[in-house]
Amino acid sequence: MQGFIAVYLRELLILKYRFKRQLAGMAISPLLYLITFGYAMGDVIRFGGHSYLEFLIPGLVAMGSMTQAFAIATDINVARFYWNIFEEFQAAPISNLSYVAGEVLAGMTRALLAIVVILLLSLPFGVVLHYGPMFWLAVLLNCFVFASLAVALAMLVKSHADQSLLTNFIITPMAFLGGTFFPVEKLPEWAQMLLSFLPLTHASHAIRASSLGQPVHSVDYLVLTVTGAVFFWLALHSVNRARD
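Caption draft 1: Geometry of the layout of surface pockets. When its volume is computed, the largest pocket comes out at roughly 430 Å³. What lines the largest pocket is a set of 23 residues, and nearest its centre among them are Pro183, Val184, Glu185, His205 and Arg208. Class assignment of the residues belonging to the lining of the largest pocket gives a composition of eight nonpolar, 12 polar and three charged. Here the second largest pocket defines a volume of roughly 210 Å³. Taken together, 14 residues make up the lining of the second largest pocket; nearest its centre are Ser29, Pro30, Met63, Gly64 and Thr67. Of all elements in the fold, only α2 (19-41), α3 (52-70), α6 (96-122) and α8 (160-177) reach the threshold of two or more residues within the lining of the second largest pocket. For the lining of the second largest pocket, the class distribution of residues is nine nonpolar, five polar and no charged.

Encoded structure:
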């Protein structure tokens, strides 16, 4: 437990040191999406009786929680390749489970902060959504999935440059194809089937349904839970190999 707290507090101290820059980075992209897509087309496009802004904001929450949770991988790689912090963790009496749990929780914390920023930015646009328990459960599960994936992949890359490749080939396509900007149901059936394997698709569906007051599907939460558990196990396995 002490090792887990130490890893988590270290990441919080780094976040505190970079807080203003991180906050600006978390705000700029959602604000641009809200203005260019949501505000400009909010009254023109409607999905299921809801304006495009009402459709877009839950998608931005899903995408923002994914990208910010996954961004912990960059900090891990900087610590590994430039500061050699991971070597200090190897020498310290900290279990691999404590290290993984601390980094995953740090990624989730940063993602939750980004979501608060998105929700605050959406207030001036006058959109009223429901942020109940099922909404936050879907958000937490999505953060857990991608923070765990971030730790797993951060241990596998051989250089800091490789991390940007993972972002370009995994996170960026998922951000645009995971039901964030358009309904997956509008695509052909074969495309819907392929996209159903993406965890962000289920996160977007669960977050949007709960925020719009629609019935939620337990399968979305089940997929996120199982995927998060698998990614967390992969993260632990990757740390075990890196420390051997």
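Caption draft 2: Local environment of helix α7 (residues 133-154). Taking 1.5 Å of rise per residue, 22 residues should cover 32 Å, and α7 covers 31 Å from first to last C-alpha, within 8% of that figure. Most of α7 is tucked away, with 16 of its 22 residues classed as buried.

Caption draft 3: Local environment of helix α4 (residues 72-81). By the criterion of burial, α4 is predominantly enclosed, with eight of the 10 residues buried. Residues Ile72, Ala73, Asp75, Ile76, Asn77, Val78, Ala79 and Arg80 constitute the buried set of α4.

Caption draft 4: Main features of the packing of α7 against helix α10 (residues 199-211). The N-to-C vectors of α7 and α10 enclose an angle of 160°; their axes lie 8 Å apart at closest approach. Compared by their axis directions, α7 and α10 come out roughly antiparallel. Our pair here, α7 against α10, has a crossing hand that is left-handed. Contacts between α7 and α10 involve Met134, Phe135, Ala138, Val139, Asn142, Val145 and Phe146 from the first element and Pro199, Leu200, Ala203, Ala206, Ile207, Ser210 and Ser211 from the second.

Caption draft 5: Examining the packing of aromatic side chains more closely. Applying the stated criterion to the full structure yields seven aromatic pairs. Geometrically, the ring pair formed by tyrosine 33 and phenylalanine 181 is tilted, given 5.1 Å between the ring centres and 55° between the ring planes. A residue pair is termed long-range when its members are at least 10 positions apart, and tyrosine 33 in helix α2 and phenylalanine 181 in the loop between α8 and α9 (189-195) qualify at 148 residues. Classification of tyrosine 33 by relative accessible area gives buried; the value is 19%. Owing to a relative accessible area of 10%, phenylalanine 181 belongs among the buried residues under this scheme.

Caption draft 6: Examining the packing of α3 against α4 more closely. Taken N-terminus to C-terminus, the directions of α3 and α4 make an angle of 10°; their axes are 4 Å apart at the nearest point. Classed by the angle they form, the pair α3 and α4 counts as roughly parallel. Between α3 and α4, the residues in contact are Gln68, Ala69 and Phe70 and Ile72, Ala73 and Thr74, respectively. When grouped by side-chain class, the residues that make up the contact of α3 with α4 number four nonpolar, two polar and no charged.

What counts, and at which threshold
- Residues numbered from 1 in each chain as written.
- Predicted model: local features only at pLDDT ≥ 70, side-chain atom pairs only at ≥ 80, totals over all residues.
- Heavy atoms only, no water.
- 1 Å grid on protein atoms, 1.4 Å probe; cavity = no way out; pocket = protein on both sides within 12 Å on 5 of 7 lines; lining within 4 Å.
- Points joined across faces, edges and corners; volume = space filled by probe spheres on them.
- Nonpolar A, V, L, I, M, F, W, Y, C, P; charged D, E, K, R; others polar.
- Helix = DSSP H or I, 4+ residues; strand = E, 2+ residues; numbered from the N terminus.
- Expected span 1.5 Å × (residues − 1).
- Buried < 20%, exposed > 50% of the residue type's maximum accessible area, 1.4 Å probe, protein only.
- Axes fitted to C-alpha atoms, helices over the stretch in contact; angles between N-to-C directions.
- Parallel < 35°, antiparallel > 145°, perpendicular 65-115°, else oblique.
- Left-handed = near helix turned anticlockwise from the far one by under 90°.
- Contact = heavy atoms within 4.5 Å.
- Phe/Tyr/Trp six-rings, centres within 6.5 Å; stacked < 30°, edge-to-face > 60°.

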